Amino acid sequence: MKNQWVTVFLGYVKVRLKGRGSERFVNECVRRGIFVWNVKRIGNEVLTFHMLLKDVRRLRGVRRKNECDIAFIGRYGFPFWQKRLLRNSGFLIGFVLFFVSIIVLSNMVWNVKIEGAKPETEYLLVKELNRLGVEKGKLQFQMPDVDAIQRSLTNNVHSITWVGVELRGTTYHLQVVEKSEPEKEEALSPRNLIAKKEAVIERLFVEKGKPAVAVHDHVEKGQLLVSGMYGKEDDPTLVPAKGIIFGETWYKSEVEVPLKTTFQVYTGAFFVKHYIKLGNFKIKVWGFEENKYKRFKEDAMMYNIKFFRWSLPIAYEKVSVREEEAADRQYTEKQAIEAGKEMAQQELKKKLDEKATIVGEKVLQKRLENGKLKLSLHYKVIEDIVATQPISKPDIQKESKKKQKSS
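Asks: Sorry, what's going on with helix 2 (residues 22–31) here?
Replies: One full turn of an α-helix is made of 3.6 residues, so residues set three or four places apart face in the same direction. What helix 2 keeps buried is the set Ser22, Phe25, Val26, Glu28 and Cys29. Down the axis of helix 2, the sector holding all buried residues measures 160°, keeping them to one side. For helix 2, the exposed residues lying more than 90 degrees away from the buried face are Arg24, Val30 and Arg31. The elements touched by buried residues of helix 2 are strand 1 (12–18), strand 2 (36–41), strand 3 (46–52), helix 3 (59–64) and strand 4 (69–76). Downstream of helix 2 by a residue or two, Gly33 has a phi angle that is positive, lying close to 80°.

Asks: Explain the pairing of strand 3 here, please?
Replies: Side-chain positions along a regular strand alternate between the two faces of the sheet. Counted residue by residue, strand 3 has 7 buried out of 7 residues, so it is predominantly covered. Pairing geometry for strand 1 and strand 3, over 7 bridges, is antiparallel. Paired with Lys14 across the bridge in strand 3 is His50. In this sheet, strand 3 lies alongside strand 2 in antiparallel orientation, the contact comprising 4 bridges. Bridged to Lys40 within strand 3 is Thr48. If you look at the hairpin formed by strand 2 and strand 3, you'll find 4 residues sitting between the two strands, and Gly43 has a positive phi there, around 80°.

Asks: I would appreciate a short explanation of the pattern of salt bridges in the present structure.
Replies: Between side chains of opposite charge, a pair can form as their charged atoms come close. Counting across every chain of the model gives 19 salt bridges. Between Lys197 and Glu383 there is a salt bridge whose closest N-O contact spans 3.2 Å. One end of the pair, Lys197, is in the loop between strand 8 (191–195) and strand 9 (199–208); the other, Glu383, is in strand 21 (residues 372–384), with 186 residues separating them in the sequence. Classification of Glu383 by relative accessible area gives buried; the value is 4%. What you see here is one network of salt bridges that share partners, running through Glu256, Arg367, Glu369, Lys372 and Lys374.

Asks: Would you take a moment to explain the sheet that holds strand 22 (residues 386–390) for this structure?
Replies: What the 4 strands build is an open sheet, ordered 10-12-8-22; its pairing is antiparallel. The sheet is open, and its two borders are formed by strand 10 (210–211) and strand 22, each paired with just one other strand. Alignment of strand 8 against strand 12 (residues 224–227), held across 2 bridges, turns out to be antiparallel. Bridge pairing links Ile194 to Leu224 in strand 12.

Asks: Hey, could you run me through the packing of helix 6 (residues 119–132) against helix 7 (residues 146–156) in this one?
Replies: For any two helices packed against each other, the geometry is given by the interaxial angle and the distance between the axes. At their nearest, the axes of helix 6 and helix 7 sit 10 Å apart, and the two run at 130° to each other. As summarised for this structure, helix 6 and helix 7 are arranged oblique, according to the angle between their axes. When you trace helix 6 past helix 7, the crossing you get is right-handed. Two secondary-structure elements touch here, helix 6 through Leu125, Glu128, Leu129, Arg131 and Leu132 and helix 7 through Ile149, Ser152, Leu153 and Asn156. Tallied by class, the residues present in the contact of helix 6 with helix 7 amount to 5 nonpolar, 2 polar and 2 charged.

Asks: Can you walk me through the nonpolar core in this structure?
Replies: Side chains that are nonpolar tend, in soluble globular proteins, to be buried together. Counting 16 residues, the largest nonpolar core has Tyr379 and Val381 as its most contacted members. Dropping the residues within four chain positions of it, Val381 is found in contact with Gly247, Glu248, Thr249, Tyr251, Leu348, Leu352, Ala356, Thr357, Ile358 and Val359.

Asks: Would you mind going over the side chain of Thr48 with me for this structure?
Replies: Secondary-structure assignment places Thr48 in strand 3. Thr48 sits in the buried class, given a relative accessible area of 4%. The residues contacting Thr48, other than those within four sequence positions of it, are Lys14, Val15, Arg16, Asn38, Val39, Lys40, Ile42 and Ile73.

Asks: Even after reading the chapter, I still don't get helix 7, so can you show me in this structure?
Replies: The complete set of buried residues in helix 7 reads Ile149, Ser152 and Leu153. In an axial view of helix 7, the angular spread of the buried residues amounts to 95°, which keeps them on one side of the axis. Residues Asp147, Arg151 and Asn155 are exposed on helix 7 and point more than 90 degrees away from its buried face. Buried residues along helix 7 sit against helix 6, strand 6 (160–168) and strand 7 (171–178).

Asks: How should the packing of aromatic side chains be read in this particular structure?
Replies: Two aromatic rings, taken as a pair, are described by how far apart their centres are and by the angle between their planes. Scanning the model with the defined rule gives 4 aromatic pairs in all. Ring geometry for Phe271 and Tyr293: centres 5.9 Å apart, planes at 50°, overall tilted. Within this pair, whereas Phe271 is found in strand 16 (residues 260–278), its partner Tyr293 is found in the loop between strand 17 (281–286) and strand 18 (296–307), the two being separated by 22 residues in sequence. Aromatic rings pair up to connect Tyr12, Phe35, Trp37 and Tyr76 into one cluster. Sitting above the plane of the Tyr275 ring, Lys282 keeps its charged end 4.6 Å from the centroid.

Asks: Please explain the environment of His158 as it appears in this structure.
Replies: On the secondary structure map, His158 appears in the loop between helix 7 and strand 6. By relative accessible area, His158 is classed as exposed at 60%. A C-alpha to C-alpha distance of 9.1 Å links His158 and Glu178, two positions 20 residues apart in sequence.

Asks: Can you help me understand the environment of Lys277 in this one?
Replies: Tracing the backbone through its elements, the reader meets Lys277 in strand 16. Beyond its immediate sequence surroundings of up to four residues, Lys277 is in contact with Lys282, Met302, Pro313, Ile314, Ala315 and Glu317.

Reading guide: rules and limits
Residues numbered from 1 in each chain as written. Predicted model: local features only at pLDDT ≥ 70, side-chain atom pairs only at ≥ 80, totals over all residues. Heavy atoms only, no water. Buried < 20%, exposed > 50% of the residue type's maximum accessible area, 1.4 Å probe, protein only. Helix = DSSP H or I, 4+ residues; strand = E, 2+ residues; numbered from the N terminus. Arc of directions from axis to C-beta. Contact = heavy atoms within 4.5 Å. Pairing = 2+ DSSP bridges. Salt bridge = Lys/Arg side-chain N within 4 Å of Asp/Glu carboxyl O. Axes fitted to C-alpha atoms, helices over the stretch in contact; angles between N-to-C directions. Parallel < 35°, antiparallel > 145°, perpendicular 65-115°, else oblique. Left-handed = near helix turned anticlockwise from the far one by under 90°. Nonpolar A, V, L, I, M, F, W, Y, C, P; charged D, E, K, R; others polar. Core = buried A, V, L, I, M, F, W, Y, C linked by side-chain atoms within 4.5 Å. Phe/Tyr/Trp six-rings, centres within 6.5 Å; stacked < 30°, edge-to-face > 60°. Lys NZ or Arg CZ within 6 Å of the ring centre and 35° of its normal.

See below:
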């Protein structure tokens, strides 16, 4: 029997034939188109053979013409398996429920471990995790991915510098690095304060040292602002100069703003497709509507199904298809200037420290070339202009000679 899988699917039986004329019985079956195979003789009047389940009823006509006893001694194939499963349906249902329960429990979050955080910081982290939906007892499919959790925690919990989020099995592990408290001020060696760039002094507060400039003074890069030497000329007192000095500095910026731009925007229309992945094979289970969008973007999220701590070669994939359309933005010259100012300010702020303030802005030049408005901008900025300079013996001697000449 070559196509054995067909016989298994249709079902077949093993027949024992006993009595005189058993050979004639088999020959009659063949003549009537009843397919038999594996015919074997056992003793003088006993034969066994296999036949398809669907041909069993046709044996009645053959039996009337032959005096033989028929017994079915074997039942094989899918129809008989199905009957056995139905008879043992309680066991089958229990096994399926057990397997489904294990799958569900293996894909739930059972614990969230936070390491490296103080109790107050841990409370803030747990509060933010609850807001994101990361809670014990929830399915992992219902939660954002690890990267999104990490970004949200870093942006919204200000007492941490960095947090690493990792999902191991059914537990989220969070490794936290908190913002360090200001260290105790270390002992400083004698030094001067000098200007790190050209500026006009706006604010001056000297905590230690002797001021060498005043408010509204114009200073050059490297000019002395606060001296760490004062007292007697032959034996000056040396201190680490300390102070806050803000000056007005100047920056120039060049930007280009296209007057007409085309970009893609979402229309708000979308639909979702759901797939079950078995290895590299993907089966769509929901979202059968036809994609009629001319322009669209697909965002896919995949969740691996787990069995205890092992990842099965089965995954659930959710694909969101969002419609896009081209949008044209046309600037007037006035709007382009405002957009250029905004772009230039954003770039300038990246170069400045947190305490710096932009106090003035002026368009030096504007020109239109190839559909682009080119701007040259000048900015006034109030920022910290202090740099430090260690005091050495030559500096002391130089200062002493300077005082002698002045006297």
